[in-house]
Amino acid sequence: MDKKLIGKKILVLGGAHQHLKLVETAKKMGIITYVTDYLKHEYSPAKQIADYGYMYNVTDIDELVTLCEKEHIDGIIASYLDITQKSYCILCERLGLPCFGNNEQHKILTDKSVFKQFCEGHGVDVITSYQEKDIIDSGKVGNKIEYPIIIKPCDSRGSRGQTICWSHEEAMKAIGFAKKESLSENIVIEKYLGTENDLQLVYMVIEGEPILVRVEDRYLGDEYSGLDKLAIASIEPSIHEQWYRDKINDKVVSMIKALGLKNAPVFIQGLMDRDTVRFYDPGIRLPGDEYDRIYKFVTGIDLTELVIKFALTGDMSVEIGKKIKNAKIDKATAMIYSAVRPGKIVRIDGLEEIKKNPNVLFMTQIYKEGDIVERYNNVKQRFGEFDISCDNFKHLKDTIEWVFNTLHVYDENGQDMVYARFDTQILEKYIKV
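**Q** Tell me about empty space enclosed by the protein, residues and numbers included.
**A** Tallied over the entire structure, the rule returns 2 cavities of 30 Å³ or more. Volume-wise, the second largest cavity comes out at about 30 Å³. Taken together, Val202, Val213, Arg214, Leu286, Tyr291, Asp292 and Leu303 form the lining of the second largest cavity. Every element with two or more residues in the lining of the second largest cavity is listed here: β10 (209-220) and α11 (291-299). Partitioned by chemical class, the residues of the lining of the second largest cavity number 5 nonpolar, no polar and 2 charged.

If you want it as structure tokens, here you go:
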């Protein structure tokens, strides 16, 4: 424990499940924790365990500045959600507190359109894109758009506002839908490359050096379930990891260096396309999942503690950077995002049994008995997250199947609401490697 940090005060922007580990870790470090979001206490998990909780929206900049000055806040953190990034940058700047990046760097890593331009300017491949005018004109002069395409907000999160379009008519409707979910009313229109070969990369920039932390395979739901834009499982190490490190990593590292970041996390999502990766979504934050817990279990490196220390000191440990560079994921790991179809939840079975399984490292439950689930087709369709680590992929496959056979979420008619389950047959190719 760093004695210099004991008694310091940190403000966490956002009280969702992802932020629990920030509060838990900070309290273990002897740091006083403050959490704010617009939700009532009972709907804000991180607020429930924090030392102090507030109902200021993360966009209420003036109120938050006043709070920070009144409480003598020493650091601010916003690691997991896009919605908090702009406010985080503004608050840190106004209060003179450590920040992952400046306004320009945040713009590049939170606006999908600007990010694509930055990639293209640094020789990094992106998905073929179109302009809104291209869609409108295609309906007048003949179809020159290569369908299917995906239309999405340039600055939304959690798959909100996204539509896969197979025709001009669908595209015209999707444009308005995406704009409604965009904070800036700007949208991205791209060639849709399907749900296969989706990669997520995480880098930690430490003293100006980008270090690759994570290469994972993301698996999305199918069109039938309506979750074809939402991850239902993430598997690591990626079956493509060595190929990525050998063929793609150097130019991505070069691009990140060009951003001029000193100390910051960077995550990027991309799709493999033959001999390249086409990137489409960035963030100057850690992803909104619980992989940090798996990473700590497997490697002993605590990324959560690393970003908390930065928030209070402005520094990241070069020694930890060396450990990250040499760390090896020698376990078969998975994050399983169970989804539930619309209905009222009247009974949930299996959670206590799942908690007792030593290979299930952590479990997040979003819905409880009595809750009503609507048709969202985004992250709000998730019942929870199960983080699993096993010695090999055969054992991982068996454990995931056991989790799904054990978990039951029943509606008023006695029907199991769990659906869009990850197809564990996919793991056969990992077993054979």
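Once you've had a look at it, read on.
**Q** A description of the layout of surface pockets should follow, citing residues and the corresponding values.
**A** Within this model, the second largest pocket holds a volume of roughly 510 Å³. Residue lining of the second largest pocket: 19 residues in total, with Lys86, Lys107, Thr110, Asp155 and Leu183 positioned closest to the centre. Contributions of two or more residues to the lining of the second largest pocket are made by α4 (85-95) and α5 (103-108). Take the lining of the second largest pocket: its biggest share by element is 5 residues, from α4.

**Q** Quick rundown of α4? Include the residues and the values.
**A** Residues Gln85, Ser87, Tyr88, Cys89, Leu91 and Cys92 constitute the buried set of α4. Buried residues belonging to α4 abut β1 (9-13), α3 (61-71), β4 (75-77), α5 and α12 (303-313). Two residues or fewer past α4, Gly96 is found with a positive phi of approximately 70°.

**Q** Run through the packing of aromatic side chains, naming residues and quoting values.
**A** Between two aromatic rings, the relevant description is the distance of the centres plus the angle of the planes. What the rule picks out here adds up to 8 aromatic pairs. Judged by centre distance (4.8 Å) and plane angle (20°), the rings of Tyr34 and Tyr52 are stacked. Placement of Tyr34 in strand β2 (residues 32-36) and of Tyr52 in strand β3 (residues 52-54) is noted, with a sequence separation of 18 residues between them. With relative accessibility at 1%, the residue Tyr34 sits in the buried group. Ring plane angle 40° and centroid distance 5.0 Å describe the contact between Phe393 and Tyr430, whose orientation is recorded as tilted. With Phe393 in helix α15 (residues 393-406) and Tyr430 in helix α16 (residues 428-432), this pair connects stretches of sequence that are 37 residues apart. The same class applies to Phe393 as to Tyr430, namely buried. Here the aromatic residues Tyr34, Tyr52, Tyr54 and Tyr56 are joined through ring pairs into a cluster of three or more. Of note, Lys21 hangs over the ring of Tyr80, and the distance from its end group to the ring centre comes to 4.3 Å. When the ring centre of Tyr337 is taken as origin, the NZ or CZ atom of Arg382, which lies over that ring, is 4.2 Å away.

Quick notes on the rules
Residues numbered from 1 in each chain as written. Predicted model: local features only at pLDDT ≥ 70, side-chain atom pairs only at ≥ 80, totals over all residues. Heavy atoms only, no water. 1 Å grid on protein atoms, 1.4 Å probe; cavity = no way out; pocket = protein on both sides within 12 Å on 5 of 7 lines; lining within 4 Å. Points joined across faces, edges and corners; volume = space filled by probe spheres on them. Helix = DSSP H or I, 4+ residues; strand = E, 2+ residues; numbered from the N terminus. Nonpolar A, V, L, I, M, F, W, Y, C, P; charged D, E, K, R; others polar. Buried < 20%, exposed > 50% of the residue type's maximum accessible area, 1.4 Å probe, protein only. Contact = heavy atoms within 4.5 Å. Phe/Tyr/Trp six-rings, centres within 6.5 Å; stacked < 30°, edge-to-face > 60°. Lys NZ or Arg CZ within 6 Å of the ring centre and 35° of its normal.

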